[in-house]
Number of protein chains: 2
Amino acid sequence: METSVSTAVLSAARAAKDAQPALARLHRAAKDRVLRAMAEALVAQAEQIVAANARDLAAADEAGIAPGLRDRLALDADRVAAIAEQLRDAAALPDPVGEVIRGSVLDNGLELREVRVPMGVIGMVYEARPNVTVDAAGLALKAGSAVVLRGGSAALHSNTALIGVLREVLAAHDLPEDLIIGIDAHGREGVDVLMRARGLVDVLIPRGGAGLIRRVVEHSLVPVIETGTGKTHVLVDASADLDQAVEIVANAKLQRIGVCNALETLLVHRDVAEQALPRLTAPLAEAGVRLHADETAAGILAAAGTTAEVVPATEEDWDTEYLALELAIAVVDDLDQALAHIRAHSTGHTESILTSDVRSQQRFLDEVDSAVVMANASTRFSDGGEFGFGAEIGISTQKLHARGPMGLQEITASKWLVVGQGHARP
Amino acid sequence: METSVSTAVLSAARAAKDAQPALARLHRAAKDRVLRAMAEALVAQAEQIVAANARDLAAADEAGIAPGLRDRLALDADRVAAIAEQLRDAAALPDPVGEVIRGSVLDNGLELREVRVPMGVIGMVYEARPNVTVDAAGLALKAGSAVVLRGGSAALHSNTALIGVLREVLAAHDLPEDLIIGIDAHGREGVDVLMRARGLVDVLIPRGGAGLIRRVVEHSLVPVIETGTGKTHVLVDASADLDQAVEIVANAKLQRIGVCNALETLLVHRDVAEQALPRLTAPLAEAGVRLHADETAAGILAAAGTTAEVVPATEEDWDTEYLALELAIAVVDDLDQALAHIRAHSTGHTESILTSDVRSQQRFLDEVDSAVVMANASTRFSDGGEFGFGAEIGISTQKLHARGPMGLQEITASKWLVVGQGHARP
């Protein structure tokens, strides 16, 4: 069925595919010049970008957007500058394209090299986070790929402004503008078309809520990298340093609430629950976090005269990514019970144990089957920027191709080069 | 819809998933012992295996199987020994699990490691090639994963015999037999169920004809690694060493005809076509290869009084993987035309240029967008065994996760370990 939307989106994907070879031929210095020029242009045009964002925010406020989502959507001059800085960070990174990943000379003299090559065309489907628009476009450019961006109708004006700035810079550098294409105007139907553009789009990266991810996984004919929701857990073990634990739990929950590596479920070992829970929750109570506590935790908090709002945890709480001033809390009998809880409820994003015991740390690192498994650190470090990737295109919660924060390497492909001198197989 | 097949296949997948942790805990020495014991058991029971294979062959002959497919299906004592040898090769390889892929200490002191972990449960759907059954099971075992195998009804008796031997060895080593499960008995419906077993099966690897691949790609909810058909090309450039070219073309076409890295289209540069074509095709004619030649090539061959059977090439020939004594031949004006032909008709598996010119070689290696791109070597080297992977689970023609021959590394996943000393994000 050829609709006007499918015509438009397929044309966009084809334009991106046709534009990509111009980028594949570009060496690092030229790509970095473009990235730095884009950063300058964003800062220079920050006022227009923030104005466009204000239109999105006004509409979002009218629609009663949740605080966490609003935080993801909002731009000001500082955030635009931070977004521009990420482009400069990307420029400062080595070019992934051309890297020899492995290589050897076989016994028969054949020279074998696995080299990194651009993916081709990357489709990004995400929710209203304008910074993702620029991150994705910048990283794709550095990695030699064109991008087709669908950033959520709530960010339409912001994304249009940002993509407009980036395309102007491409044109000013004699590059095809269609290396970066937005399809926000085509709504959800546009996503459906993009998912079936096999042969035009090489990989589709959905980034957002569980519903979006499920829809893409179920219907996409284009290979998908799933970037799941983050129902992240912190386990405060019996042997945890409590001062550190208080600081890390507050950091994981409060440092930025609307993001996928923010803490969503706190597990506390029974042996220290009575002593630890009042202290762990004090900074959270002060910040207005509502605690969804299991019976044991609620009892301890009540007995300690907590000032926090405590509500009984329901089964649903163990699987909810709040992205808000809400936290699920459970008391666990031991490490086994904590591991079982995580196995049952984790989305495979990030979990952290706070412990002083080497055996507990080892078991947690070995047995938790998540993209990022931590010890004695805040889940907020589960981030491409923090990992030194320069920027991040999402956090993969699948096992195939890329797992955890995805930077430049994760959005490239490879091919094998085999050079002989007349070799035939015996 | 719960049918008896879906109940059976989902139970099999669940059994594999439940069995896998026992394997994940096993260190290299123990896994290698099991692999070597499997190799011994296969050789010891070769007679029964060949007898089971004879039943499959008899049925296949009655159904009029194509020679290339029959060659893939057939086992004798030597081939069983060769299959067993691949298990010993796998045992001799380093354990991929636990490998630190990358690691660093971040500026803030956080220790970061990306480590290789087992994929979990691997589903293999392939066509009647009993050697794949053992390769896949052996490599999966070494890589810490359970396998669910669907090997094509034409190889039912062979696969049942092989899997039976392997499971006996697992049991003898106190390992769950369900680490290796065959679902051949459940036919095509079994494949449909397997494709929807998201959460039980971590990756599905279809290996076979275009129809099978398309069906899996379109319907699978489980992430897929596509192993496509091999419409492989060899380009004889104007500057090619003709003696070498004659040997390589014969090798690529004739060394084994029923496999995906066998030559299917020969491209010859116009400047040398008249001199080269009669020599290139002489060994092919002798072996009984039918040549599907374009007009120019046919004219040259006729003028040279070829003894080969020459038929006019149709449009379809440029896209056909014969897996038989058939070869498409085209004369091209120059490298550009050759690259365009390959771009239009390659399945992205393997292409090779035969040339003495560094610029032609460079352009071919750079611009051909296939999993394996060669110079002056036979396409038959595009193989995990030849690449030193020990054995091979298929040749990926997709860009995501793995591209080209897949060995142990390609069937593992990774996770990130982050160890701090009380780190909170500033």
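Fair warning: this is a prediction, and the values are worked out from it, not measured in the lab.

Conventions we followed
Residues numbered from 1 in each chain as written. Chains lettered and ligands numbered in written order. Predicted model: local features only at pLDDT ≥ 70, side-chain atom pairs only at ≥ 80, totals over all residues. Heavy atoms only, no water. Domains from an automatic or database assignment. Contact = heavy atoms within 4.5 Å. Buried area = accessible area lost by both parts, 1.4 Å probe. Salt bridge = Lys/Arg side-chain N within 4 Å of Asp/Glu carboxyl O. Polar contact = N/O pair within 3.5 Å; in protein donor to acceptor, adjacent residues only side chain to side chain. Helix = DSSP H or I, 4+ residues; strand = E, 2+ residues; numbered from the N terminus. Nonpolar A, V, L, I, M, F, W, Y, C, P; charged D, E, K, R; others polar. 1 Å grid on protein atoms, 1.4 Å probe; cavity = no way out; pocket = protein on both sides within 12 Å on 5 of 7 lines; lining within 4 Å. Points joined across faces, edges and corners; volume = space filled by probe spheres on them. Phe/Tyr/Trp six-rings, centres within 6.5 Å; stacked < 30°, edge-to-face > 60°. Least-squares fit on C-alpha atoms with pLDDT ≥ 70 in both. Buried < 20%, exposed > 50% of the residue type's maximum accessible area, 1.4 Å probe, protein only. UniProt positions renumbered as here; feature names shortened; annotations may be inferred. Expected span 1.5 Å × (residues − 1). Arc of directions from axis to C-beta. Pairing = 2+ DSSP bridges. Axes fitted to C-alpha atoms, helices over the stretch in contact; angles between N-to-C directions. Parallel < 35°, antiparallel > 145°, perpendicular 65-115°, else oblique. Left-handed = near helix turned anticlockwise from the far one by under 90°.

### So, the domain arrangement of chain A
All names here are of chain A.
In step 1: By the assigned domains, chain A splits into domain 1 (4-227 + 406-419) and domain 2 (232-381).
In step 2: A separation of 34 Å is found between the C-alpha centroids of domain 1 and domain 2.
In step 3: On the side of domain 2, five residues touch domain 1, which itself brings five residues to the contact.
In step 4: Roughly 500 Å² is buried in total at the junction of domain 1 and domain 2, and carbon and sulfur atoms are behind 43% of that figure.
In step 5: Of all residues in domain 1, the largest losses of buried area upon contact with domain 2 belong to G68, D71 and R72, amounting jointly to 66% of the total for that side.
In step 6: Put simply, R256 and D71 hold a salt bridge, and the shortest N to O gap is 3.3 Å.
In step 7: The interface formed by domain 1 and domain 2 contains two residue pairs in polar contact (both at pLDDT 80 or more).
In step 8: Element by element, the count of residues in the side of domain 1 that touches domain 2 is highest for helix α4 (residues 67-73), at three residues.
In step 9: Here the side of domain 1 that touches domain 2 is built from residues that sort into no nonpolar, one polar and four charged.

### Section: empty space enclosed by the protein
In step 1: The final tally for this structure, using the stated rule, is two cavities of 30 Å³ or more.
In step 2: Along the wall of the largest cavity there are 20 residues; nearest its centre are V222, P223 and V224 of chain A together with P223 and V224 of chain B.
In step 3: Partitioned by chemical class, the residues of the lining of the largest cavity number twelve nonpolar, four polar and four charged.

### Focus: the packing of aromatic side chains
In step 1: Going through the model one piece at a time under the given rule, you end up with six aromatic pairs over all chains.
In step 2: Ring plane angle 85° and centroid distance 6.0 Å describe the contact between F387 of chain A and F389 of chain A, whose orientation is recorded as edge-to-face.
In step 3: Here a set of aromatic residues connected by ring pairs shows up, and it is made of F387 and F389 of chain A together with W416 of chain B.

### Focus: the relation of the copies chain B and chain A
In step 1: Between chain B and chain A, which share one sequence, the superposing operator has a rotation angle of 180° and an axial displacement of 0.0 Å; the RMSD is 0.0 Å. The relationship between the two copies is best expressed as a two-fold rotation axis. Proximity to the rotation axis, assessed at the C-alpha, singles out H401 of chain B in chain B; its C-alpha lies 1.8 Å from the axis.
In step 2: A share of 100% of interface residues in chain B that are also interface residues in chain A marks the association as one of identical surfaces.

### Considerations on unusual backbone geometry
Across residues other than glycine, the phi torsion is negative in most instances, and most of the peptide bonds are trans.
All names here are of chain B.
In step 1: Despite not being glycine, D174 has its phi angle at roughly 60°, a positive value.
In step 2: Structurally, the position occupied by D174 is in the loop between α7 (156-172) and β5 (180-182).
In step 3: Judged by relative accessible area, which is 74%, D174 ranks as exposed.

### Overview of the UniProt feature "domain: Aldehyde dehydrogenase" (unreviewed entry) in chain A
In step 1: When the UniProt feature table is mapped onto this chain, "domain: Aldehyde dehydrogenase" (unreviewed entry) is found at residues 7-299 of chain A.
In step 2: The span residues 7-299 of chain A shows a helical share of 54% and a strand share of 17%, and its end C-alpha atoms are spaced 60 Å apart.

### Quick word on α7 of chain B
Residues and elements named next belong to chain B.
In step 1: In this model, α7 (17 residues) spans 24 Å end to end at C-alpha, consistent with the 24 Å of a helix rising 1.5 Å per residue.
In step 2: Every buried residue of α7 is listed here: S158, N159, L162, I163, V165, L166, V169 and L170. Here the buried residues of α7 occupy an arc of 155° about the axis, which is enough to place them on one side.
In step 3: D174 sits one or two positions beyond α7 and adopts a positive phi of about 60°.

### So, the sheet that holds strand β6 (residues 203-207) of chain A
All names here are of chain A.
In step 1: What the four strands build is an open sheet, ordered β5-β4-β3-β6; its pairing is parallel. Single-partner strands in this sheet number two, and they are β5 (180-182) and β6. If you compare each strand with its neighbour and ignore which way they point, the axes differ by 20° on average.
In step 2: The sheet contacts of helix α8 (residues 187-195) involve β3 (121-126), β4 (146-150) and β6, and relative to β4 the element is tilted by about 145°.

### A few points about the interface of chain B and chain A
In step 1: In this complex, chain B contributes 67 residues to the contact, which on the side of chain A involves 67 residues.
In step 2: Roughly 5400 Å² is buried in total at the junction of chain B and chain A, and carbon and sulfur atoms are behind 53% of that figure.
In step 3: Summed over the three residues of chain B that lose the most area to chain A, namely L400, W416 and R425 of chain B, the buried surface amounts to 15% of that side.
In step 4: Applying the counting criterion to the chain B and chain A interface returns eight salt bridges.
In step 5: Among the ionic pairs, R198 of chain A bridges to E226 of chain B, the shortest N-O distance being 2.4 Å.
In step 6: Seen at the junction of chain B and chain A, the total is 45 residue pairs in polar contact (both at pLDDT 80 or more).
In step 7: Contributions of two or more residues to the side of chain B that touches chain A are made by β2 (111-118), α9 (210-219), α10 (242-254), α14 (358-367), β13 (372-377), β15 (404-405) and β16 (412-423) of chain B.
In step 8: The leading source of residues in the side of chain B that touches chain A is β16 of chain B, at eleven residues.
In step 9: Partitioned by chemical class, the residues of the side of chain B that touches chain A number 32 nonpolar, 18 polar and 17 charged.
In step 10: As paired strands, strand β13 (residues 372-377) of chain A and β16 of chain B are joined by five bridges and run parallel to one another. Counterpart to A375 of chain A in the pairing with β16 of chain B is V419 of chain B.

### Brief notes about the packing of helix α2 (residues 28-44) of chain A against helix α6 (residues 130-142) of chain A
To characterise two packed helices, one gives the angle between the axes of the helices and the distance between these axes.
Residues and elements named next belong to chain A.
In step 1: At their nearest, the axes of α2 and α6 sit 9 Å apart, and the two run at 165° to each other. Our classification of the angle between α2 and α6 gives roughly antiparallel. Of the two possible hands of crossing, α2 and α6 adopt the one that is right-handed. Taking contact as the criterion, the partners of R28, K31, D32, V34, L35, M38 and L42 in α2 are, on α6, V134, G138, L141 and K142.

### Describing the sheet that holds strand β6 (residues 203-207) of chain B
Residue and element names in this part refer to chain B.
In step 1: If you walk across this open sheet you meet the four strands as β5-β4-β3-β6, and the pairing is parallel. Strands with a single pairing partner mark the edges of an open sheet, and in this sheet they are β5 and β6. Pairs of neighbouring strands in the sheet enclose a mean axial angle of 20°, with direction left out of account.
In step 2: Bridge count for strand β3 (residues 121-126) against strand β4 (residues 146-150) is five bridges, and the pairing is parallel. Bridge pairing in β4 links V125 to R150.
In step 3: Here helix α6 (residues 130-142) sits on the sheet and contacts β3, β4, β5 and β6; the angle it forms with β4, its principal contact strand, is near 165°.
In step 4: Docked against the sheet, helix α8 (residues 187-195) engages β3, β4 and β6, running at close to 145° with respect to β4.

### Quick word on the pairing of strand β1 (residues 100-105) of chain A
Residue and element names in this part refer to chain A.
In step 1: In this structure, β1 lies alongside strand β2 (residues 111-118), joined through five bridges in antiparallel fashion. Looking at the pairing, V105 lines up with E111 of β2.
In step 2: Adjacent in sequence and paired antiparallel, β1 and β2 are bridged by five residues, among which G109 carries a positive phi angle near 95°.

### Looking at the packing of helix α1 (residues 4-24) of chain A against α8 of chain A
Residue and element names in this part refer to chain A.
In step 1: Packing of α1 against α8 brings their axes to within 9 Å, and their N-to-C directions diverge by 55°. With respect to their mutual orientation, α1 and α8 come out oblique. α1 and α8 meet at a crossing whose hand is right-handed. Only E189, G190, V193 and L194 of α8 make contact with α1, whose side of the interface consists of V5, S6, V9 and L10.
In step 2: Classifying every residue of the contact of α1 with α8 by side-chain character gives five nonpolar, two polar and one charged.

### Things to note about the side chain of S352 of chain B
In step 1: Summarising the element assignment, S352 of chain B is placed in strand β12 (residues 350-354).
In step 2: In this structure S352 of chain B comes out as buried when scored by relative accessible area, which is 0%.

### Overview of the environment of R207 of chain A
Residue and element names in this part refer to chain A.
In step 1: By the element assignment, R207 lies in strand β6.
In step 2: We classify R207 as buried; its relative accessible area is 13%.
In step 3: Once the C-alpha coordinates of R207 and G151 are considered, the two residues, 56 residues apart in sequence, prove to be 9.4 Å apart.
In step 4: If sequence neighbours within four positions are ignored, R207 has contacts with V125, Y126, E127, R129, V132, L212, I213, T227, E392, I393 and G394.

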